[in-house]
Amino acid sequence: MAAAGAGLALLLAAAPAAAAPTCWDRDGVAVRCGTPGAMPVGWEPPGGPAAPDTPDPSLAQLAGLAAVLGGLFALLGLMPEFDGWDGRERDEE
C-alpha cells in the first residue's frame, strides 16, 4: 500500500508537459512556427481557422460499415459460453 501511495505521489508531483504554440499561415492553415509563410505567434486568421473539407459518407460506405459491425457482433455472438474454471480443468499440483 505504501508503494502505491509513493507511486501516486510521484505521478502527481511531475511537472505537466507544455505544448508548443500554434501558428497559422495566411490561408488559416495550422503550420509549424518559424517555417516560411508562418505568421507570428498569437496571430489569428480573419474569420477564424479554416475548417477541413470532409465530405459526408456515402450510402455505400455506411452500408459497408454496418456490414462490418454486424459481422463482428455475429462472431461475438457465436462464441462458446465461458463460465470460468471447473475443478476438473485445473492442473494437478
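What you are looking at is a predicted structure, and each value in this text was computed from that prediction instead of being measured. (Residues numbered from 1 in each chain as written. Predicted model: local features only at pLDDT ≥ 70, side-chain atom pairs only at ≥ 80, totals over all residues. Heavy atoms only, no water.)

A. Local environment of the state of the cysteines. Counted according to the given criterion, the structure contains one disulfide. Two residues, Cys 23 and Cys 33, share a disulfide whose sulfurs are 1.8 Å apart. Here Cys 23 and Cys 33 share a disulfide; its torsion about the S-S bond, 100°, makes the bridge right-handed. Of the two residues, Cys 23 sits in strand β1 (residues 23-24) while Cys 33 sits in the loop between β2 (30-31) and α2 (59-77), which places them ten residues apart along the sequence. Cys 33 sits in the partly exposed class, given a relative accessible area of 28%. (Disulfide = S-S within 2.5 Å. Helix = DSSP H or I, 4+ residues; strand = E, 2+ residues; numbered from the N terminus. Buried < 20%, exposed > 50% of the residue type's maximum accessible area, 1.4 Å probe, protein only.)

B. View of the confidence of the model for the protein. The share of residues in the protein with pLDDT of 70 or more is 86%, and the mean pLDDT across the chain is 83. Within the protein, the lowest mean pLDDT, 84, falls on helix α1 (residues 2-13), and the highest, 97, falls on α2. (pLDDT = per-residue confidence, 0-100.)

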